[in-house]
Protein chains: 2
Amino acid sequence: MQPSVRPSPLEQPTPGQPAQHDVAAVRRFNRYFTRRVGVLSDRYLERNRPLGQARLLFEIATATTQRELRERLGLDAGQLSRMLTALESQSLVRTRPDPADRRRRLIELTARGRRELAEQNRRADAFAAGILNGLTGDQRSRLLDSLGTAERLLRLAAITVESPVDPATAEARWCLDSYAAELDERFPGGFDSSILVTAEQLSPPAGAFVLARDDNGPVGCGAVRSLGDGAGELRHLWIAPHARGLGLGRRLLADLERLAADLGHRVLRLSTHPTLTEAIALYRGAGYRAVADYPGFEDPHATLCFERDLP
Amino acid sequence: MQPSVRPSPLEQPTPGQPAQHDVAAVRRFNRYFTRRVGVLSDRYLERNRPLGQARLLFEIATATTQRELRERLGLDAGQLSRMLTALESQSLVRTRPDPADRRRRLIELTARGRRELAEQNRRADAFAAGILNGLTGDQRSRLLDSLGTAERLLRLAAITVESPVDPATAEARWCLDSYAAELDERFPGGFDSSILVTAEQLSPPAGAFVLARDDNGPVGCGAVRSLGDGAGELRHLWIAPHARGLGLGRRLLADLERLAADLGHRVLRLSTHPTLTEAIALYRGAGYRAVADYPGFEDPHATLCFERDLP
DNA sequence: AAAATTACTTGACTCGGGTCAACGATTGAC
DNA sequence: GTCAATCGTTGACCCGAGTCAAGTAATTTT
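Here is what the cut-offs are and how they apply
Residues numbered from 1 in each chain as written. Chains lettered and ligands numbered in written order. Predicted model: local features only at pLDDT ≥ 70, side-chain atom pairs only at ≥ 80, totals over all residues. Heavy atoms only, no water. pLDDT = per-residue confidence, 0-100. Contact = heavy atoms within 4.5 Å. Buried area = accessible area lost by both parts, 1.4 Å probe. Salt bridge = Lys/Arg side-chain N within 4 Å of Asp/Glu carboxyl O. Polar contact = N/O pair within 3.5 Å; in protein donor to acceptor, adjacent residues only side chain to side chain. Helix = DSSP H or I, 4+ residues; strand = E, 2+ residues; numbered from the N terminus. Nonpolar A, V, L, I, M, F, W, Y, C, P; charged D, E, K, R; others polar. Near = heavy atom within 4 Å.

Under an unreviewed UniProt entry, the name given to chain A is MarR family transcriptional regulator, and the organism recorded is Streptomyces hainanensis.

Here is the structure:
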């Protein structure tokens with residue numbers, strides 16, 4: 001819902017309200033899909049066991065504490081406790097006190113529970129296979145393609161970008177740490193994380209930090225700091241691996257440019273490394289031009305510099 | 001699950017079990033979609049009214065008798081009756097005895113019920129719009145494209161083809177009537193339905209009839225009759241308008257060819273009309289060649305003849 | 001005209017999901 | 001060492017969904 005005061009050459013995330021026709025199409029698909037696939041596959045899951053317990057079995061496979069289960073499934077403590085005793089009485093699940101904190105109870109599947117879970121999975125697979133069965137190979141791959149594209153775009157649509165945000169929060173730190181860890185792996189000589197800019201440099205009015213989140217937490221970040229003299233520097237633009245290929249980079253970049261302009265910068269500069277091909281393509285596509293160097297440039301890893309005038 | 005005894009040049013609907021990878025992709029999408037969209041939109045629908053009543057309100061807009069509602073929603077008679085009295089006590093719905101059969105009660109929305117329904121729709125729209133909001137125009141159209149393709153393919157996968165089937169059943173008659181009605185509209189001079197082949201000609205061993213159904217009933221048909229002398233004739237291949245563009249034609253055609261071969265025919269012939277461009281494309285694509293005429297050809301509307309040797 | 005059928009209503013249930021509050025047991029903070 | 005907070009359990013609920021069977025009124029069949 002940004003007012004389009006300053007039209008940017010980049011794609012705007014929200015070009016007005018969606019057309020009624022498009023809204024109807026989404027609703028139509030939703031109606032069809034949940035009726036045909038969603039509900040049915042639930043019924044398939046439960047083997048004369050309440051749906052809640054069946055779902056729980058799924059989650060227990062990867063969780064160990066009640067707290068975790070409660071958060072993941074959004075259950076009441078009492079309700080979960082009762083469901084667990086039900087599963088325990090079927091000897092699908094075993095609980096024992098956590099030695100580290102004996103208020104807690106650790107939960108694990110028994111051998112029988114694992115068999116039961118495998119059977120549930122087999123049935124869910126059979127259901128999905130049943131859907132694919134009536135299709136030719138070509139049709140199948142078109143279907144999977146469409147589902148994949150749809151999922152990626154839905155995920156993208158679920159991502160919200162907060163800007164500016166305090167770079168000292170846990171979520172922000174997590175992003176910056178992930179960024180450093182990734183570069184450390186990708187750069188031949190590793191990555192020297194001491195060159196990460198400090199939180200002070202990224203807080204207004206000196207600079208700004210931008211954070212993208214989906215339903216499960218942070219999925220990307222980016223920062224602007226001041227180089228002085230009307231110039232800003234873009235730093236630490238990072239997208240979580242599972243959120244790549246969605247167009248989120250462009251969205252973050254657009255937000256950072258807007259922020260930089262708001263901070264009074266007239267030109268935005270950045271440096272990057274030839275290995276980071278996706279990033280380079282992003283900058284070129286967004287109208288950045290390569291420059292030899294710039295004052296304040298200090299990253300020893302970077303060997304490519306870009307800049308762009310801000311509107 | 002047809003054994004591939006006689007490999008046809010046409011695409012087989014079931015080339016073996018789907019790969020595990022594909023199955024997982026379908027499950028992944030299902031999980032994501034139902035969690036993110038399905039459940040949420042239900043919660044959006046209900047305005048401190050039980051979900052069942054909210055759904056009912058939707059359906060009443062287009063239905064008038066309890067019987068119809070029961071069938072559409074799969075509800076118990078008692079349950080529906082109670083839900084209706086609940087809606088009636090909120091004066092959203094009015095019922096009155098059907099003058100034609102006073103055991104029945106006609107159901108209609110009151111003015112207030114219509115307002116309430118409109119509000120429900122507004123909310124559901126807002127929810128769908130919310131999904132589209134975070135996307136650029138280009139991304140939106142890609143999303144809608146993908147959803148459309150996925151829905152069409154899922155619909156196709158849900159279609160089952162029964163062959164052979166008794167051409168005298170109500171469903172078969174319905175298809176043939178629809179076929180005649182459509183041609184009557186599309187042909188400049190109308191369609192003379194007396195040339196429809198008789199049920200006897202389409203029953204084994206003289207011929208065969210094939211019927212395609214989706215969850216809601218018949219969506220297509222086709223027939224083979226004998227022309228004598230080792231030749232069969234393909235007749236009345238028809239696909240319901242809402243099931244077109246899915247590739248169902250090719251599937252029915254493949255089934256009919258298999259049937260014709262089973263009946264002992266060595267060549268399959270057919271006649272069609274230049275207006276029916278989709279059909280002509282289908283036949284050409286399936287390896288049929290145009291011929292001038294053939295013995296037994298009798299359809300006054302048809303002016304194009306095709307044939308193909310059966311394996 | 002009687003018997004069977006159909007359309008709906010009502011009562012009496014079960015069940016799963018969900019909420020709330022009280023209560024041990026355990027732990028961390030001061 | 002005490003007190004507050006935390007983790008899980010248990011009892012006592014509500015609610016909506018769904019099932020089953022008996023009952024009433026109207027209609028069709030025979």
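Don't stop here, the text continues.
1. Quick notes on the confidence of the model for chain A
Any region with low pLDDT has predicted coordinates that should not be read closely. With 92% of its residues at a pLDDT of 70 or more, chain A shows a mean pLDDT of 84. Per-residue pLDDT stays below 50 along residues 1-14 of chain A; that stretch engages in 27 contacts with residues further than four places along the chain or on separate chains.

2. Section: the interface of chain B and chain A
Contact with chain B, which involves 61 residues of that partner, is made by 60 residues of chain A. Here chain B meets chain A over a buried area of about 5,600 Å², counting both sides, of which 62% is carbon and sulfur. Interface area lost by chain B to chain A is led by Arg27, Phe29 and Leu154 of chain B, which between them contribute 12%. Seen at the junction of chain B and chain A, the total is four salt bridges. We note a salt bridge from Glu151 of chain B to Arg28 of chain A, for which the minimum N-O separation is 3.7 Å. Applying the counting criterion to the chain B and chain A interface returns 10 residue pairs in polar contact (both at pLDDT 80 or more). Residue assignment for the side of chain B that touches chain A shows that the elements contributing at least two residues are α1 (20-45), α5 (111-133), α6 (137-157) and α8 (248-262) of chain B. Looking at the side of chain B that touches chain A, its residues break down into 28 nonpolar, 18 polar and 15 charged.

3. Section: the protein's contact with DNA strand C
As a matter of local geometry, DNA strand C sits amid 19 residues, with Arg102 of chain A together with Gln66, Ser81, Arg82 and Arg103 of chain B nearest to it. Backbone atoms, meaning sugar plus phosphate, form 69% of the atoms of DNA strand C positioned within 4 Å of the protein. Gln79 of chain A is positioned such that a nitrogen or oxygen atom in its side chain is 3.0 Å from a phosphate oxygen of DNA strand C. The side chain of Arg82 of chain B places a nitrogen or oxygen atom 2.7 Å from a base oxygen of DNA strand C. For the surface near DNA strand C, the secondary-structure elements that each account for two or more residues are α2 (51-60), α4 (77-89) and β2 (101-109) of chain A together with α3 (66-73), α4 (77-89) and β2 (101-109) of chain B. When residues in the surface near DNA strand C are grouped by element, the largest group, four residues, is from α4 of chain B. Looking at the surface near DNA strand C, its residues break down into four nonpolar, five polar and 10 charged.

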